[in-house]
Amino acid sequence: MKIALGSDHAGLPLKKEIIKHLESKGIEIKDFGTLTEDSCDYPDYALAVAEEVAAKNFDFGILVCGTGIGISIAANKVPGVRAALCGDTFSAHACREHNDANILALGQRVVGAGLALDIVEAFLGAKYEGGRHGKRVDKISQIEKKYNK
Ligand code: RB5
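Residues numbered from 1 in each chain as written. Predicted model: local features only at pLDDT ≥ 70, side-chain atom pairs only at ≥ 80, totals over all residues. Heavy atoms only, no water.

### Observations concerning the sheet that holds strand β1 (residues 2-7)
The test is simple: A pair of strands counts as paired when DSSP detects no fewer than two bridges linking them. Only DSSP runs of H or I covering at least 4 residues are called helices, and only runs of E covering at least 2 are called strands; the numbering of each starts at the N terminus. Here, axes are lines fitted to C-alpha atoms. For helices the fit covers the stretch in contact, and angles between N-to-C directions go from 0 to 180 degrees.
Spatially, β2-β1-β3-β5-β4 is the arrangement adopted by the 5 strands of the open sheet, whose pairing is parallel. Both edges of this open sheet fall to β2 (28-31) and β4 (83-85), since each of them pairs with a single strand only. Ignoring which end each strand starts from, the neighbouring axes of this sheet average 20° apart. Inspection of the sheet shows strand β3 (residues 60-65) paired to strand β5 (residues 103-107) by 5 bridges, in the parallel sense.

What follows is the structure in structure tokens.
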């Protein structure tokens, strides 16, 4: 499994915790920045990770900003990306099972590191169920096509 990660300055410490956790499990990762605590703009890192995930160069993406909101909104502008902002483990597995989410977004100012790592585990451990959910996910793609995203 290959995971692309990105954050702004407000998500940097949590992203580092997640990277340490994934690496300890032998999961291949690439960090698309930011790499310093200097103030920066979350759309830049959302775009970098979202493009890689949409191109299927990585299995999943994980994005972190202060709330997880801005970085997930930005990532969802890239066609083929279904970024889910999760603050609990139920949403983290349900967004994989029902929505085929391919990016997990987290808010460093919202969740503690312990919960965030459980959320990451729930997300990566769950599988898309397809079936009745397929037609709904297809309708999301049709919305993208309608607006030429
Ligand atoms: C940065 O201060 C903060 O606005 C950003 O990390 C994020 O929370 C935006 O949605």
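### Observations regarding the site of the ligand
Note the threshold: Note on definitions. A residue lies near a molecule or strand when any single heavy atom of the residue is within 4 Å of it. N or O atoms closer than or at 3.5 Å make up a polar contact, with two conditions inside protein: a donor-capable atom paired with an acceptor-capable one, and, for residues adjacent in sequence, both atoms drawn from side chains. Here the Shrake-Rupley method, with its probe set to 1.4 Å, supplies the accessible areas, and only the displayed protein chains count as covering residues.
Around the ligand, the surrounding shell consists of Asp8, Ala10, Tyr42, Cys65, Gly66, Thr67, Gly70 and Arg109. The separation between an oxygen atom of the ligand and a polar main-chain atom of Gly70 is 2.9 Å. In this structure, an oxygen atom belonging to the ligand sits 3.4 Å away from a side-chain N or O atom of Arg109. Relative to its free-state accessible area of 290 Å², the ligand is covered by the protein chains to the extent of 71%.

### Comments concerning the side chain of Asp8
Condition: Classification of residues uses two cut-offs on accessible area relative to the type maximum, computed with a 1.4 Å probe and protein chains only: under 20% is buried, over 50% is exposed, and between them is partly exposed. The charge count treats Lys and Arg as positive and Asp and Glu as negative. His and the chain ends do not count. Just to be clear on terms, a salt bridge is a Lys or Arg side-chain nitrogen sitting within 4 Å of an Asp or Glu carboxyl oxygen. When checking whether two residues touch, look at their non-hydrogen atoms; a contact exists if any pair is within 4.5 Å.
By the secondary structure assignment, Asp8 is in the loop between β1 and α1 (12-24). Buried charge without a salt bridge: Asp8, with Arg109 as the nearest opposite-charge side chain at an N-O distance of 6.7 Å. For Asp8, the residues in contact, after removing those within four places along its chain, are Thr34, Cys40, Tyr42, Tyr45, Val64, Cys65, Gly66 and Ile71.

### Details of the packing of α1 against helix α5 (residues 113-125)
In a pair of packed helices, the angle between the axes and the distance between the axes together describe the arrangement. Put simply, the test is: Relative orientations are named as follows: roughly parallel for angles under 35 degrees, roughly antiparallel for angles over 145 degrees, roughly perpendicular for angles from 65 to 115 degrees, and oblique for any other angle. Two helices crossing with the near one rotated counterclockwise from the far one by less than a right angle form a left-handed crossing, whereas a clockwise rotation gives a right-handed crossing. Just so you know the grouping, Ala, Val, Leu, Ile, Met, Phe, Trp, Tyr, Cys and Pro go in nonpolar, Asp, Glu, Lys and Arg go in charged, and all remaining residues, Gly too, go in polar.
Where α1 meets α5, the closest approach of the two axes is 10 Å, and the angle between their N-to-C directions is 50°. On the basis of their axis angle, the class for α1 and α5 is oblique. Where α1 crosses over α5, the handedness of that crossing is right-handed. Every residue of α5 that contacts α1 at Leu14, Glu17, Ile18, His21 and Leu22 is listed here: Ala113, Ala116, Leu117, Val120, Glu121 and Leu124. Counted by class, the contact of α1 with α5 contains 8 nonpolar, 1 polar and 2 charged residues.

### Some details on helix α6 (residues 132-146)
Put simply, the rule is: Expected span, for any helix, means 1.5 Å times one less than how many residues it has. Throughout, the arc means that of the directions going from the helix axis to the C-beta atoms.
Between the first and last C-alpha of α6 there are 22 Å, a value that for 15 residues agrees with the 21 Å anticipated at 1.5 Å per step. Residues His133, Gly134, Val137 and Glu144 constitute the buried set of α6. The arc enclosing the buried residues of α6, seen along the axis, measures out at 105°, which places them on a common side. Residues of α6 that are exposed and point over 90 degrees away from its buried face: Arg132, Lys135, Ile143, Lys145 and Lys146. The elements touched by buried residues of α6 are α4 (89-97).

Any functional reading would require information beyond the geometric quantities listed.
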